[in-house]
Amino acid sequence: MLELLLLQSFWFIASAYASNGFPPLMRGRMPIDGGKKFRGRRLLGDGKTWEGLIGGIVFGVFIGSLQIFGQDYLPPELLLPKMTFPMVFLLTLGTMAGDIGGSFVKRRMRMKRGDRALFLDQLGFLLAAFLFVWPIYKPQLDIMIVLVLLTPIIHWLSNVLGYWIHVKRNPW
Ligand code: CTP
Ligand code: MG
């Protein structure tokens, strides 16, 4: 059943989405790279801040905690993946690592802060989140496929929204 699969997929990835979407709201000012350069270019750039990183982790873990405490009250026939703190933690850390790694790659490709990088912007954080939880939890293949297909669309929609409400500088 498709609607169950969609529900299970978003349930599994909710904390990663939460931590990926939150950093722009922090309006951070302290670059993680401290302004340092690598071969003449910024290591990460001003778009990756400590405030964003910490806010993303805290918000991701917060959403994951709501899931963990709430899951026993949801109908068992939904067959939602059972979330645990280590899973939520790794999904969140993987998301932020993927995002930061993506910026590192973008700067090496001579792209400015906020320049769009197809696939890297939309899927980098997702694949890193999968990779980080993998040692303790292997998501069902159909869930991973759904997420790889739908995340770029959702990412794009949420960035357009973020741009409209003046939280994001670019609509991507
Ligand atoms: N942000 C932040 N700290 C992070 C991640 C994001 O402060 N660790 C904020 C920044 O204000 C950033 C915005 O969220 O500009 C949007 O994030 P993202 O699109 O990931 O960054 P970009 O500005 O596109 O920068 P880059 O080109 O390095 O990806
Ligand atoms: Mg961006």
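For the structure, see preceding data.
Since the structure is predicted, the reported quantities are computational estimates derived from the model, not experimental observations.

Enquirer: Can you lay out the overall build of the chain for me, pointing to particular residues and giving the numbers?
Expert: Along the chain, the regular secondary structure elements total 6 helices and 2 strands. Ordered by position from N to C terminus, the α and β elements of the chain give α-α-β-β-α-α-α-α. The C-alpha atoms of the chain give a radius of gyration of 16 Å, which matches the 16 Å a tight globule of 172 residues would have. Considered along the principal axes of its C-alpha atoms, the chain spans approximately 55 × 35 × 25 Å. When each of the 172 residues of the chain is scored for burial, the buried share is 38%.

Enquirer: Describe in detail the environment of Gly64, supporting the description with residues and values.
Expert: Residue position: Gly64 is located in helix H3 (residues 50-70). When its relative accessible area of 0% is taken as the criterion, Gly64 is described as buried. Taking C-alpha positions, Gly64 is 9.4 Å from Trp11, a pair spaced 53 residues apart along the chain. Sequence-distant contacts of Gly64, that is, excluding residues within four places in its chain, are made with Ser15 and Val88.

Enquirer: Break down the site of ligand 1 for me, citing the residues and quoting the values.
Expert: Taken together, 16 residues lie near ligand 1, and Thr49, Ser103, Arg107, Arg113 and Gly114 sit nearest. In the environment of ligand 1, a nitrogen atom lies 3.0 Å from a nitrogen or oxygen atom belonging to the backbone of Gly47. Notes on ligand 1: free accessible area 570 Å², of which the protein chains cover 88%. Mapped by element, the contributors of at least two residues to the shell around ligand 1 are helix H2 (23-26), H3 and helix H4 (85-108).

Enquirer: A description of the pattern of salt bridges should follow, citing residues and the corresponding values.
Expert: Using the criterion set out here, one finds 4 salt bridges in the structure. The partner of Asp33 in a salt bridge is Arg42, and the shortest N-O contact between them spans 2.9 Å. A salt bridge links Arg42 to Asp46; the nearest nitrogen and oxygen atoms lie 2.9 Å apart. According to the relative accessible area criterion, Asp46 is partly exposed, its value standing at 39%. Several salt bridges converge on common partners, so that one network encompasses Asp33, Arg42 and Asp46.

Conventions and cut-offs
Residues numbered from 1 in each chain as written. Chains lettered and ligands numbered in written order. Predicted model: local features only at pLDDT ≥ 70, side-chain atom pairs only at ≥ 80, totals over all residues. Heavy atoms only, no water. Helix = DSSP H or I, 4+ residues; strand = E, 2+ residues; numbered from the N terminus. Rg over C-alpha atoms; globule rule 2.2 N^0.38 Å. Buried < 20%, exposed > 50% of the residue type's maximum accessible area, 1.4 Å probe, protein only. Contact = heavy atoms within 4.5 Å. Near = heavy atom within 4 Å. Polar contact = N/O pair within 3.5 Å; in protein donor to acceptor, adjacent residues only side chain to side chain. Areas by Shrake-Rupley, 256 points an atom, 1.4 Å probe, with all protein chains shown as cover. Salt bridge = Lys/Arg side-chain N within 4 Å of Asp/Glu carboxyl O.

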